[in-house]
Amino acid sequence: MIWKLHNNGKLLPGEVVTPDERLGWGKTIGLGAQHVVAMFGATFVFPLLMGLNPQLAVMMSGISTLIFLFVVKNKVPSYLGSSASFVGVATSIYAQGGNPTHVSGAMFWCGVGLFIVGLIIHFMGSGPIRRALPPAVTGAVVMLIGFNLAPVVASSYWPKDQWTALVVMIAVILMSVGLRGFAGRIAIFLALVFGYLLSWLEDLLAGPMTQTGADGTISRVFRVDWTKVASAKWIGLPPVTELSTWKLGSPDNVVGFHTPTFNFAFALIALPVIIALIAENTGHIKAVSEMTGKSLDDSMGRALAGDGLTSMLATFVGAGPTTTYAENIGVMAATRVYSTAAYAVASLFAILFGLSPKFGAIISATPSGVLGGITVVLYGMIGLLGAKIWKENGVDFGNPVNLVPIAAGLIIGIGNVSIVVGNHFTLGGIALGTIVTVVMYHLARLIAPKTLRDAAGGSGIVLDAPGMYSEQPDIGAGTAHEKA
């Protein structure tokens, strides 16, 4: 058996389910569905922004996650969805006359690069990561990865239906705290169902809502729009890309399966994004380590190599690259169920959705207000895991070695500050914030007086320190989580 049954399938208050355990299959399926909810919107949206096929992206996300779990030997609970880091890359390639096959070709090399980085880390050990990412830096990286998602809520989801978002947010909070037993563990999924029904009732009783488009046009739209659901087929594969009729921005483009076209100039545009992928993966591993109370440093190389391998596979058939999903970290933080069985179930759901345009259309029709209410809670929980790292390791922000460089990195990462490199590449957000945090922290340590340098720490997070993350039943990850 891949997973041990946790406590005969019973989940007692305060307990956690470790990656190698599972609940009963009924509950595990429910948790898997919740993970699908967390990743589905972004996995659909980012391929659309990159001019790729979202149905294919969802299907490949499920296949990629199963491969990833195999590569990391089931030790790292993670879902691999479409990466947002490549939206700017695709835009630049299209601006230079490229087509979807050129986009896939450029992103393929990022997968190769990430795979090589993972192999290097795997064979060199986690020492370099521990030295490069001490507690102060690691907490900042995890925090900016979570809080960097705040503008997505503020600009995309929340404004479209603010009152529905507010009600759903309150429902998530009340259900997470007030519901007992397993119901409390799947509060996010229940809040989504509640929000969906609420939006339908609002349409029924109050009629369509007013919405302002990007071009300033005002229209009346229903919160729940199933037009595409009605026309979608129950079973079907994504189409094959038709380049002979492809035109930039045309709604009639047929994009789906295709092999990549390699272009050196386009590859140069994409390769710097590897920095963001390393930051995302490293932050995910550290966040999961904090939640489970167990060091995953020995899986860092496998995780990076696994993500690189699946990105190569996904881009080779025409989907976008994959990356570990911060949204699903939030689900684990809320449920304290870290079973990789839930991710395997989520992967199977995704593959089925990828084979059924009808179900994909239903999920993608989730009202923006519902997503706004859910994500405002999830994204905040991700960011606060960074504060937990600081708290558990006693990071002193009275020391300027910790305070000043991390302050700069956080503002850059959270505010999506960017710099333009050359004519076609912009470095910003998580990637730039991580670079500033890591590089300037170590530069500050280098030039600081010995007293400040010693007081700042920097030896790396010791996740298995006695008394903090002991594997004894009475001092486990759940206790550490509750204290935080």
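### A short note on the packing of aromatic side chains
Summed over the entire model, instances satisfying the criterion amount to seven aromatic pairs. Measuring from ring centre to ring centre gives 6.3 Å for Phe108 and Phe316, while their planes differ by 55°; the resulting arrangement is tilted. One end of the pair, Phe108, is in helix α4 (residues 100–124); the other, Phe316, is in helix α14 (residues 300–316), with 208 residues separating them in the sequence. The buried category is assigned to Phe108, whose relative accessible area is 13%. The exposure class of Phe316 is partly exposed, given its relative accessible area of 42%.

### Overview of empty space enclosed by the protein
A complete count under the given rule lists one cavity of 30 Å³ or more for this structure. By volume, the largest cavity amounts to about 30 Å³. Of all the secondary structure elements, the ones that give two or more residues to the lining of the largest cavity are α2 (54–71) and β3 (80–82). Per-element accounting of the lining of the largest cavity gives the leading share, three residues, to α2. Here the lining of the largest cavity is composed, by residue class, of three nonpolar, five polar and no charged.

### Notes on the confidence of the model for the protein chain
Considering every residue of the protein chain, the mean pLDDT works out to 77; 80% of them sit at 70 or more. For the protein chain, helix α22 (residues 477–483) is the element with the lowest average pLDDT, namely 33, and α14 is the one with the highest, namely 91. Scored below 50 in pLDDT, residues 460–484 makes 48 contacts in the model with residues more than four places away or belonging to other chains.

### Looking at the nonpolar core
Met50, Phe68, Phe86 and Met291 are the most contacted members of the largest nonpolar core, which totals 55 residues. Apart from residues no more than four positions distant in its own chain, Phe86 is found in contact with Met50, Met107, Cys110, Val273, Leu277 and Pro321. Counting residues in hydrophobic clusters, the runner-up holds 21 residues, among them Val168, Ala171, Ile188 and Leu378.

### A few points about the side chain of His35
Inspection of the secondary structure puts His35 in helix α1 (residues 25–49). For His35, the residues in contact, after removing those within four places along its chain, are Asn328, Val331, Met332, Ala342, Tyr343 and Ala346.

### Regarding unusual backbone geometry
The phi torsion at Lys73 lies on the positive side, around 55°, for a residue other than glycine. By secondary structure assignment, the location of Lys73 is in the loop between α2 and β3. Within the chain, Asn74 stands out as a residue other than glycine whose phi angle is a positive 65°. Relative to the helices and strands, Asn74 resides in the loop between α2 and β3.

### Regarding a nonpolar patch on the surface
On the surface, Trp109, Phe262, Phe264, Leu268 and Leu271 cluster together to form a nonpolar patch covering roughly 520 Å² of accessible area. Inspection of the secondary structure puts Leu268 in helix α12 (residues 264–270).

### Re the side chain of Asp161
Structurally, Asp161 can be placed in the loop between α7 (150–157) and α8 (162–178). There is a polar contact of 2.7 Å between the side chain of Asp161 and the side chain of Thr164. When neighbours within four sequence positions are excluded, Asp161 is seen to be in contact with Glu202, Met209, Arg223 and Gly369.

### A word on the packing of α8 against helix α10 (residues 187–206)
Two numbers describe how α8 lies on α10: the axes approach to 9 Å, and their chain directions differ by 150°. The angle between α8 and α10 places the two elements in the roughly antiparallel class. Seen from above, α8 lies across α10 with right-handed handedness. Along its contact with α8, which presents Thr164, Val167, Val168, Ala171, Val172, Met175 and Ser176, the element α10 presents Ala187, Leu190, Ala191, Phe194, Gly195, Leu198, Ser199 and Glu202. Grouping the amino acids of the contact of α8 with α10 by side-chain chemistry returns 10 nonpolar, four polar and one charged.

How each quantity is defined
Residues numbered from 1 in each chain as written. Predicted model: local features only at pLDDT ≥ 70, side-chain atom pairs only at ≥ 80, totals over all residues. Heavy atoms only, no water. Phe/Tyr/Trp six-rings, centres within 6.5 Å; stacked < 30°, edge-to-face > 60°. Helix = DSSP H or I, 4+ residues; strand = E, 2+ residues; numbered from the N terminus. Buried < 20%, exposed > 50% of the residue type's maximum accessible area, 1.4 Å probe, protein only. 1 Å grid on protein atoms, 1.4 Å probe; cavity = no way out; pocket = protein on both sides within 12 Å on 5 of 7 lines; lining within 4 Å. Points joined across faces, edges and corners; volume = space filled by probe spheres on them. Nonpolar A, V, L, I, M, F, W, Y, C, P; charged D, E, K, R; others polar. pLDDT = per-residue confidence, 0-100. Contact = heavy atoms within 4.5 Å. Core = buried A, V, L, I, M, F, W, Y, C linked by side-chain atoms within 4.5 Å. Patch = residues over 30% accessible without salt bridge, like charges linked within 9 Å, V, L, I, M, F, W, Y side chains within 5 Å. Areas by Shrake-Rupley, 256 points an atom, 1.4 Å probe, with all protein chains shown as cover. Salt bridge = Lys/Arg side-chain N within 4 Å of Asp/Glu carboxyl O. Polar contact = N/O pair within 3.5 Å; in protein donor to acceptor, adjacent residues only side chain to side chain. Axes fitted to C-alpha atoms, helices over the stretch in contact; angles between N-to-C directions. Parallel < 35°, antiparallel > 145°, perpendicular 65-115°, else oblique. Left-handed = near helix turned anticlockwise from the far one by under 90°.

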